[in-house]
Amino acid sequence: MSALLPAMGLLLSAAMLVAALMAVRGRRSLPISILAAGLVSLLASVQFLLLAAPDVAMTEAAIGSGLTTFLFFFILARVRHD
Amino acid sequence: MIRRATVLLLLLGLGGVFSALLFGYTPDDELNRTAAYYAGQTVRDTGAANIVTAIIVTYRGLDTLGEVTVLFLSAAIVGLVLAHGARAGGARRRPIPPGELLETGSRLLTPLILLLGVHIFVNGHLTPGGGFQGGAILASATLLLLLANPMRRFSHRLIRLLESLSGLLFVLIGLLGLLLAGGFLDNRILPLGTLGELTSAGAIPLIYSLIGLKVGAEFSSMLAALAETQEP
């Protein structure tokens, strides 16, 4: 158990880095960039959960990966419309 | 070339700072004095099963009032800035239809999301989460409705009423604490009840529900103002 948690944390960090790179370098498709940025927040909230901070994890999941991703899609639809 | 080198140097410096933090980190063997106080006294003082909520709503209740005020101010400023754009536009073009999947899905999901948000802030004193998280979830239901139909309009009067009423009641409950119990925002104006029940921890569930409604209404008003703005 004691070795499992740091390993999971490292794995999640690596996944976060990959998702962040996808969000920054994904020049072809904006929706994929937005989804990747939401994925970074989602993985961060799992990290908070592993660090025994469920309240912070919930905030991160609700605002970082939920509300912000929705908001980006909403704005994207309006920008495309012009 | 120089720009790339600067960015690289900045990144290296940032990495150096964070790695110094990481390698200099040693976990504490025991809680420090403040944390030990909270861990030991919360249940006796406030009757809340979730220590984080007890700290946010009771011990540091004044800070929470400040946070809610900051959020209110930013919502008001967003509304003020966007109100100028709203009048400038002429005839509105029909936006791209969002598609069958989103429309049907939003009809199914919106009540569930609203229910989850309410559940989170009503149970804030028992389980993780609370007013801010629940309020954000309520607002994401608003956003889902807007995403499914960008032409949808929400009643500003209802949002304003909800927002100002919950803010007023929040402050009133705080003042009641000053009169009936130990100080501003003291939760012991209501009986503490038994630990772990829904109607326990005095005024905490009430205060956190009001915060949840207020945060949800503020975020929703920001989103509604954003949706109603015309392109210049």
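Residues numbered from 1 in each chain as written. Chains lettered and ligands numbered in written order. Predicted model: local features only at pLDDT ≥ 70, side-chain atom pairs only at ≥ 80, totals over all residues.

- Per an unreviewed UniProt entry, the recorded name for chain B is Sodium:proton antiporter, and the organism is Candidatus Sedimenticola endophacoides.
- UniProt's Subcellular location (unreviewed entry) comment on chain B is quoted here verbatim: "Cell membrane". (UniProt positions renumbered as here; feature names shortened; annotations may be inferred.)

- As recorded in an unreviewed UniProt entry, chain A goes by MrpA C-terminal/MbhD domain-containing protein and comes from Candidatus Sedimenticola endophacoides.
- What the UniProt record of chain A gives under Subcellular location (unreviewed entry) is the line "Cell membrane".

**Considerations on unusual backbone geometry**
Line of reasoning, step 1. In this structure, Ala52 of chain A is a non-glycine residue whose phi angle is positive, near 65°.
Line of reasoning, step 2. For Ala52 of chain A, the position within the fold is in the loop between helix H2 (30-50) and helix H3 (54-81). (Helix = DSSP H or I, 4+ residues; strand = E, 2+ residues; numbered from the N terminus.)

**Some details on H2 of chain A**
Line of reasoning, step 1. Taking 1.5 Å as the rise per residue, H2 of chain A with 21 residues should run 30 Å; its terminal C-alpha atoms sit 30 Å apart, in good agreement.
Line of reasoning, step 2. Two residues or fewer past H2 of chain A, Ala52 of chain A is found with a positive phi of approximately 65°. (Expected span 1.5 Å × (residues − 1).)

**Considering the UniProt feature "transmembrane region" (unreviewed entry) in chain B**
All names here are of chain B.
Line of reasoning, step 1. The positions UniProt marks with the feature "transmembrane region" (unreviewed entry) are residues 68-87, 108-126, 132-149, 161-185 and 205-227.
Line of reasoning, step 2. Split by type, residues 161-185 is 80% helix and 0% strand. Its first and last C-alpha atoms lie 23 Å apart.
Line of reasoning, step 3. Helix makes up 100% of residues 205-227 and strand makes up 0%, while its end C-alpha atoms are separated by 32 Å.

**What to know about the UniProt feature "transmembrane region" (unreviewed entry) in chain A**
All names here are of chain A.
Line of reasoning, step 1. Sites flagged by UniProt as "transmembrane region" (unreviewed entry) map to residues 6-24, 31-50 and 56-77.
Line of reasoning, step 2. Segment residues 6-24 splits into 100% helix and 0% strand. End C-alpha atoms: 27 Å apart.
Line of reasoning, step 3. A helix fraction of 100% and a strand fraction of 0% characterise residues 31-50, whose end C-alpha atoms lie 29 Å from each other.

**Brief notes about the packing of helix H3 (residues 51-59) of chain B against helix H8 (residues 204-228) of chain B**
Residues and elements named next belong to chain B.
Line of reasoning, step 1. Two numbers describe how H3 lies on H8: the axes approach to 10 Å, and their chain directions differ by 80°. For the element pair H3 / H8, the angle class is roughly perpendicular. Listed contacts from H8 to Thr53, Val57 and Thr58 of H3 are Ile204, Ile207 and Tyr208.
Line of reasoning, step 2. Considering only residue class, the contact of H3 with H8 consists of four nonpolar, two polar and no charged. (Axes fitted to C-alpha atoms, helices over the stretch in contact; angles between N-to-C directions. Parallel < 35°, antiparallel > 145°, perpendicular 65-115°, else oblique. Contact = placed C-beta atoms within 7 Å. Nonpolar A, V, L, I, M, F, W, Y, C, P; charged D, E, K, R; others polar.)

**Focus on the interface of chain B and chain A**
Line of reasoning, step 1. In this complex, chain B contributes 17 residues to the contact, which on the side of chain A involves 16 residues.
Line of reasoning, step 2. Counting residues per element, the side of chain B that touches chain A draws most heavily on helix H6 (residues 131-148) of chain B, which supplies ten residues.
Line of reasoning, step 3. Tallied by class, the residues present in the side of chain B that touches chain A amount to 13 nonpolar, three polar and one charged.

**Here we look at the packing of helix H2 (residues 33-46) of chain B against H3 of chain B**
All names here are of chain B.
Line of reasoning, step 1. Between H2 and H3, whose axes approach to 10 Å, the crossing angle comes to 70°. Comparing the axis directions of H2 and H3 gives the class roughly perpendicular. The handedness of the crossing between H2 and H3 is left-handed. Two secondary-structure elements touch here, H2 through Tyr38, Ala39, Thr42 and Thr46 and H3 through Ile51, Ala54, Ile55 and Thr58.
Line of reasoning, step 2. Classifying every residue of the contact of H2 with H3 gives five nonpolar, three polar and no charged. (Left-handed = near helix turned anticlockwise from the far one by under 90°.)

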